[in-house]
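These are the residues of each chain, in order.
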Amino acid sequence: LSGTIITSNKPIAVYTAKAECSGYDRFSNAAHVVHQMPATKYWGKLFIGDTIAFQHVEPFEIALHLVCENNSTVEIIWYEGENATRSENLTLTSAISQTVTKDGSNITHFSITSQHKLLVVYEIYTSTNETVVHSSVLLQPVEWFS
């Protein structure tokens, strides 16, 4: 998610990885994360993510990593059950990943919409009794399922 441009005259697979989660001091011992990156033609404009698996563990934080064209407008809506609790509008000014972090304690799911195609990775961090749980998901756009 660094903004690196990769081109090839033959089919290739591109993976992204990191050895640990940086920027979250209390979660810095999280395991490595690896994703196979989809080609940009498979990016989407609508995403829905959930935190149901983490509702029994508190507190936890959600980090959204968003990659898309420069000057793209993105709307994120956070939900508690069926109720939308907060809406954020962002203008992404760089093709390099922009991260949005939120306390997820009451969040059950979220939606992300964009005027241009984008790539979304979301991570959930939680720490209870010195045990760190880290989940990272390359979120598939809703368009893939229609």
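Residues numbered from 1 in each chain as written. Predicted model: local features only at pLDDT ≥ 70, side-chain atom pairs only at ≥ 80, totals over all residues. Heavy atoms only, no water.

Asks: Would you mind going over the environment of Thr108 with me for this structure?
Replies: Relative to the helices and strands, Thr108 is located in the loop between strand S7 (98-103) and strand S8 (109-128). Judged by its relative accessible area of 17%, Thr108 falls in the buried class. The spacing of Thr108 and Gly49 is 59 residues in sequence and 8.7 Å in space, taken between C-alpha atoms. Among the polar contacts made by the side chain of Thr108, one reaches the main-chain amide nitrogen of Gly81 at a distance of 2.9 Å. For Thr108, the side chain forms a polar contact with the side chain of His109, separated by 3.0 Å. (Helix = DSSP H or I, 4+ residues; strand = E, 2+ residues; numbered from the N terminus. Buried < 20%, exposed > 50% of the residue type's maximum accessible area, 1.4 Å probe, protein only. Polar contact = N/O pair within 3.5 Å; in protein donor to acceptor, adjacent residues only side chain to side chain.)

Asks: Explain the environment of Thr16 to me, please; I cannot follow it from the model alone.
Replies: Note that Thr16 resides in strand S1 (residues 14-18). In this structure the C-alpha to C-alpha distance between Thr16 and Met37, which are 21 residues apart in sequence, comes to 6.9 Å.

Asks: Please clarify how the pattern of salt bridges should be interpreted in this entry.
Replies: Pairing between side chains of opposite charge can happen when their charged atoms approach one another. Counted by the stated rule, this structure contains 1 salt bridge. Between Arg86 and Glu88 there is a salt bridge, with the nearest N and O atoms lying 3.9 Å from each other. (Salt bridge = Lys/Arg side-chain N within 4 Å of Asp/Glu carboxyl O.)

Asks: It is not clear to me how the environment of Ser114 should be interpreted in this structure. Could you clarify?
Replies: With respect to the helices, strands and loops of the structure, Ser114 is situated in strand S8. Looking at Ser114, the relative accessible area reads 10%, which means it is buried. Between the C-alpha atom of Ser114 and that of Glu75, which follows or precedes it by 39 residues, the distance is 6.4 Å. The residues contacting Ser114, other than those within four sequence positions of it, are Lys45, Ser72, Thr73 and Val74. (Contact = heavy atoms within 4.5 Å.)

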